[in-house]
Structure formats: C-alpha cells, structure tokens
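These are the residues of each chain, in order.
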Amino acid sequence: MIIRTRLATGVCALLAALTAGLAFPAGAAAGEPTGQDAPKVDLVLDVSGSMRARDIDGQSRMAAAKQAFNEVLDATPEEVELGIRTLGADYPGDDRKTGCKDTAQLYPVGPLDRTEAKTAVATLTPTGWTPIGPALLKAAGDLDGGDGSKRIVLISDGEDTCAPLDPCEVAREIAAKGIGLTIDTLGLVPTAKLSRQLSCIAEATGGTYTSVEHQDELTDRVNQLVDRAADPVVTPVPAEGADRCAGAPTLKSGLYTDREEFGQQRFYRVDVRPGQELRASVSVAADRAVNPGYGVLVRAVTSKGREIVRGEAAGNGRTDVISTGLRYPKAESDDEDAPAEAVCLAVSHSFSAAAGVKAAPGLPLELTVDVVDAPSEAGDVASFGLGRGWWLVGVLILTGFLAGLVWGWLSRWRVAVWRTN
C-alpha cells in the first residue's frame, strides 16, 4: 500500500502539552479532549461506470468496495455515527447537467444498523458520472452540527467529471468554514491525474491520501480511518513564545498554537527530568500566498544556547503545511533529587511573503510537546544520545582500530603458514 500523508490547514495529529508558566484561563488544559457529541463519519463511494473494471484481485472494483464496506461495517465502533453517500449511482444517461447532480445519501449518518447498511450497499451497481465536488458539498451537509469529530472518507477510481466545480476548491471552502471536518481520500488503481486530485482534496483539510490496488488494503485503510474518527477531539491552547530562551514560557505535555512572523524565532521552555524523554513536533501553515522554497526548523537547546538535537524539513511547491519533530532522552541519574533540566525549543521557519502580501500577523504554528519516561533500553539512535556528544563515534573508531590490528595479525599468520608449507 502506498500511503502519502500530507498535512494541511490545522494539522498534525501530534500529542501534547500544556503550560506551567503561562497565564491561561482557569480550567484550560492543553490537549484536553473536547466534543461531547458522537464522532461522525460519512463514507462517500464512487459508483460511476468505471467501477465495473475487473482489476482488483480478479474482481471488479465495485465488488471489492462492497466487500470492504461489509467488513468495515462489522468493525465500526459502537460510538461512531456512520453514513454512506454515493456519487454516480443513479443516472446512466449522457446529460452532463443531470449527471453532475447524481449524488445521494444511501444510508443516513447516525447510529449504525449494520444489517440495514449492508443491505443498502448490496443494491449498488456501477452506473454514471463522477461528481466528486457536488458529493463533497452534500457530504459536508450530512455531517453538519455537533462538536464531535467529523470525517469524510472519499473512495473513487476516477477524477471528477463535473468541473468547473473543482473538488480541490470545494475542499478548501469546507476547510475555511472552520467546522473541524477532515477529508481522507482513497484512489482505486489510480492514474497520476487522479492521485494529484485526491491528494489535493485530502491536503486541503489535513486528511490523508491512499493509493489502493488490493481489496484487503481498502478494507484495512477504511477501518483505520473510521477508528481514527473515534479519537477524542483535542483543542490546542494558545502560547506566546519568546524571542530568547531566558524569557520563554514553560510548557508541559500538551498541544499549543502560536503565530510566528517571517524571519522570526520563537522559544519555549520544557523541564525534563533524568530518565525522561522529550518529544516535540512543530507544524507551520501557510495561510496566505508565499514564495516557493521554504522550511521549518526546531532545535532543543540548553539554557546557555548549546544545541542538543534538531529536526528540520524543507519543501518547494505547494505550501499548505510543513512539519518536523525531535526526540531528546535524558539519561538516568544516581541522584534521586537531581533537578530537572530546562530545555528550550527554538522554532523558526523560512517561509517568505509573496509580493503584495501582508507579513502580519505571523504564520500559524502548532506545537506538540510530550514528556514521557525514557526507554529502559536503547531502541534507536535517539536513545544513544548522538545529539549530546561524540562518545559513540569514538567507540566506533576504537573498535575499527582493534579490528584492523586483529585482521592484520591473522593475515601475517596465514602468509607465514603458507610459506612454511
């Protein structure tokens, strides 16, 4: 399975952290789940004529989708309200105006009756057009109301046939409404053009795009997305970073938002005790026209400015969101009363404003902080502390030197034996 995850708008499903030194409103908690309403998912399925193609494990695309839907319906969590919308399922004619209105709610979003939903899916037959844009608009209406998580899962085997209602623009309009709706897309045996379109739709709302060529891949991915909808909605807490480490606010584990101006660097402080590991992620979103060529950098530094470890990412072209992260495990201490280390997170980006675009306010920034118990055993490079020194390099050099001596001695011994014989 090829999964291309592109973060967008207010993304980053990062975990996170809250403040200890900031004056937040009483009762505010960083990363605290909100949303008491049930999570909602609308599965939007392409039932156009091209779904007759028999190229998914020897069966038609429609048959693979039906089988996947039946398995997903069996596995849907009880707390999730699920609906099914179709596009291209009813009109077989050639009138474009009529074909581009062909989207209907097959099963309404609400408490799931699995038998009724499966019966509805069984009636589907590949029929007509591919009105993705109109279907997305209707699906957004299906999920209207409530403050629980909302997710559209779009499954299609062809690009939209109803332009100029561009589905990418439709997705951006949905994101601009600020209703917290995420669109994930899956392409069945996709062409390059379809992949670009579905990626654009997902990217606009912080969703994911997945290319699918096998029925089990489709089942697994849709199940993952439906399960993800059941995760609690997390509201970021505002935090105002400082221009230097000394004046930085102290954050605890949580999810934070800030704005960073072009060419600016923001500092945030996190206390890390011996035996703990700091995990931090940062995303910067371009909410206006910017120049191509950009990057984001997050560094963990000591209070004296020495860099411990860094994470960076760069890109060119579409500039919705760019993200990176880092990990810093602090070694155990024999002193049970050893104080926590003040680690500063320095965040900067290299976006630049296009001509005629206002530089203020700064670009939206989302920061995730998580302080957890460090691994008891070294499981990866971060656990060896490469960001904190060169001791491992020295060990490797010494090992190589000793190995060279042993190999040289063995070679001389073999030559001596050969000459004797």
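Whatever comes next refers back to the structure up there.
Residues numbered from 1 in each chain as written. Predicted model: local features only at pLDDT ≥ 70, side-chain atom pairs only at ≥ 80, totals over all residues. Heavy atoms only, no water.

Caption draft 1: Representation of the overall build of the chain in the model. Looking only at helices and strands, the chain features 9 helices and 19 strands. When contacts within the chain are restricted to residue pairs at least 6 apart in sequence, those whose partners lie at least 24 apart make up 78%. Entry remark: accessible area of the chain is about 20,500 Å², with carbon and sulfur atoms responsible for 53%. (Helix = DSSP H or I, 4+ residues; strand = E, 2+ residues; numbered from the N terminus. Contact = heavy atoms within 4.5 Å. Areas by Shrake-Rupley, 256 points an atom, 1.4 Å probe, with all protein chains shown as cover.)

Caption draft 2: Region of interest: the packing of helix α1 (residues 61-75) against helix α7 (residues 215-229). At a closest axis distance of 9 Å, the pairing of α1 and α7 adopts a crossing angle of 35 degrees. Crossing of α1 over α7 shows right-handed handedness. Of the residues in α7, those touching α1 at Ala64, Ala65, Gln67, Ala68, Glu71, Val72 and Ala75 are Gln215, Leu218, Thr219, Val222, Asn223, Val226 and Asp227. In terms of residue class, the contact of α1 with α7 is built from 8 nonpolar, 4 polar and 2 charged. (Axes fitted to C-alpha atoms, helices over the stretch in contact; angles between N-to-C directions. Left-handed = near helix turned anticlockwise from the far one by under 90°. Nonpolar A, V, L, I, M, F, W, Y, C, P; charged D, E, K, R; others polar.)

Caption draft 3: Fine view of the packing of aromatic side chains. Evaluation of the coordinates by the stated rule reveals 1 aromatic pair. The interplanar angle of 5 degrees and the centroid separation of 5.0 Å between the aromatic rings of Tyr294 and Phe351 together place this pair among those described as stacked. Here Tyr294 is found in strand β15 (residues 294-301), whereas its partner Phe351 is found in the loop between β18 (341-349) and β19 (363-373), with 57 residues between them in sequence. A single burial state applies to Tyr294 and to Phe351, both of which are buried. (Phe/Tyr/Trp six-rings, centres within 6.5 Å; stacked < 30°, edge-to-face > 60°. Buried < 20%, exposed > 50% of the residue type's maximum accessible area, 1.4 Å probe, protein only.)

Caption draft 4: Highlighting the nonpolar core. Counting residues in hydrophobic clusters, the biggest one holds 31 residues, and the most contacted among them are Leu43, Leu45, Ile155, Leu186, Leu218, Val222 and Val226. Of all the secondary structure elements, the ones that give two or more residues to this core are β4 (40-46), α1, β5 (81-87), α3 (114-122), β7 (150-156), β8 (181-188) and α7. It is α1 that contributes the most residues to this core, 7 residues altogether. In contact with Val226, other than residues within four places in its own chain, are Val41, Leu43, Val72, Thr76, Pro77, Val80 and Leu82. Grouped together as the second largest cluster of nonpolar side chains are 29 residues, Tyr268, Ala286, Val343 and Leu363 included. (Core = buried A, V, L, I, M, F, W, Y, C linked by side-chain atoms within 4.5 Å.)

Caption draft 5: Structural view of the state of the cysteines. For the coordinates displayed, the defined rule picks out 3 disulfides. Note that Cys100 is cross-linked by a disulfide to Cys162, the S-S spacing being 2.0 Å. Here the S-S torsion is close to -100 degrees, and the disulfide linking Cys100 with Cys162 is therefore left-handed. Of the two residues, Cys100 is situated in the loop between α2 (96-99) and β6 (103-110) and Cys162 in the loop between β7 and α5 (167-176); the sequence distance between them amounts to 62 residues. (Disulfide = S-S within 2.5 Å.)

Caption draft 6: Summary view of the side chain of Thr103. Position of Thr103 relative to the elements: it lies in strand β6. Its relative accessible area of 15% is what places Thr103 among the buried residues. A polar atom in the side chain of Thr103 sits 3.0 Å from the side chain of Arg85. Each residue touching Thr103, except ones within four places of it in the same chain, is listed here: Arg85, Thr86, Leu87, Pro134, Ala135 and Lys138. (Polar contact = N/O pair within 3.5 Å; in protein donor to acceptor, adjacent residues only side chain to side chain.)

Caption draft 7: Molecular detail of a negative patch on the surface. Together, Asp57, Glu71, Asp216 and Asp220 line one region of the surface with negative charge. As for its placement among the helices and strands, Glu71 is situated in helix α1. The exposure class of Glu71 is partly exposed, given its relative accessible area of 35%. (Patch = residues over 30% accessible without salt bridge, like charges linked within 9 Å, V, L, I, M, F, W, Y side chains within 5 Å. Salt bridge = Lys/Arg side-chain N within 4 Å of Asp/Glu carboxyl O. Lys, Arg positive; Asp, Glu negative; His and termini not counted. Charge placed at Lys NZ, Arg CZ, Asp CG, Glu CD.)

Caption draft 8: Quick look at the sheet that holds β15. The 4 strands are arranged β13-β18-β15-β16 in an open sheet whose pairing can be described as antiparallel. Looking at which strands have only one partner, the edges of the open sheet turn out to be β13 (265-272) and β16 (307-315). Shown here is a sheet whose adjacent strand axes are inclined to one another by a mean of 15 degrees, direction ignored. (Pairing = 2+ DSSP bridges.)

Caption draft 9: Main features of the pairing of β19. Both strand β12 (residues 251-260) and β19 contribute to a ladder of 7 bridges, which runs antiparallel. Bridge pairing in β19 places Gly254 opposite Val369. Note: strand β14 (residues 276-285) against β19, 9 bridges, orientation antiparallel. Bridged to Ala280 within β19 is Val369.

Caption draft 10: How the structure looks around α5. Within α5, the full set of buried residues consists of Pro167, Cys168, Val170, Ala171 and Ile174. Burial along α5 is one-sided: seen end-on, the buried residues are contained in an arc of 160 degrees. The N-cap residue of α5 is Asp166: its side-chain oxygen and the backbone nitrogen of Cys168 are 2.9 Å apart. Of the residues trailing α5, Gly178 is marked for its positive phi of about 65 degrees. (Arc of directions from axis to C-beta.)

Caption draft 11: Region of the structure containing a nonpolar patch on the surface. Taken together, the side chains of Val406, Trp407, Trp409, Leu410, Trp413 and Val417 define a hydrophobic patch exposed on the protein surface, amounting to about 670 Å² of accessible area. Take Val417: it is sitting in helix α9 (residues 391-420).

Caption draft 12: Local environment of the packing of α5 against helix α6 (residues 192-204). In the contact formed by α5 and α6, the axes pass within 8 Å of each other and the chain directions differ by 10 degrees. Put simply, α5 runs roughly parallel to α6. Residues Pro167, Cys168, Ala171, Arg172 and Ala175 of α5 touch α6, and the partners they reach there are Gln197, Cys200, Ile201 and Ala204. The class makeup of the residues in the contact of α5 with α6 is 7 nonpolar, 1 polar and 1 charged. (Parallel < 35°, antiparallel > 145°, perpendicular 65-115°, else oblique.)

Caption draft 13: Representation of the pattern of salt bridges. Enumeration according to the criterion identifies 15 salt bridges in this entry. Its salt-bridge partner being Glu277, residue Arg327 comes within 3.0 Å of it at the nearest N-O pair. One end of the pair, Arg327, is in strand β17 (residues 321-329); the other, Glu277, is in strand β14, and 50 residues separate them in sequence. Look at Arg327 and you get partly exposed, because its relative accessible area is 29%. What makes Glu277 buried here is its relative accessible area of 0%. For Arg310, the salt bridge goes to Glu312, with nearest N and O atoms at 3.9 Å. When its relative accessible area of 39% is taken as the criterion, Arg310 is described as partly exposed. Glu312 sits in the exposed class, given a relative accessible area of 54%.

Nothing here speaks to function; it is geometry throughout.
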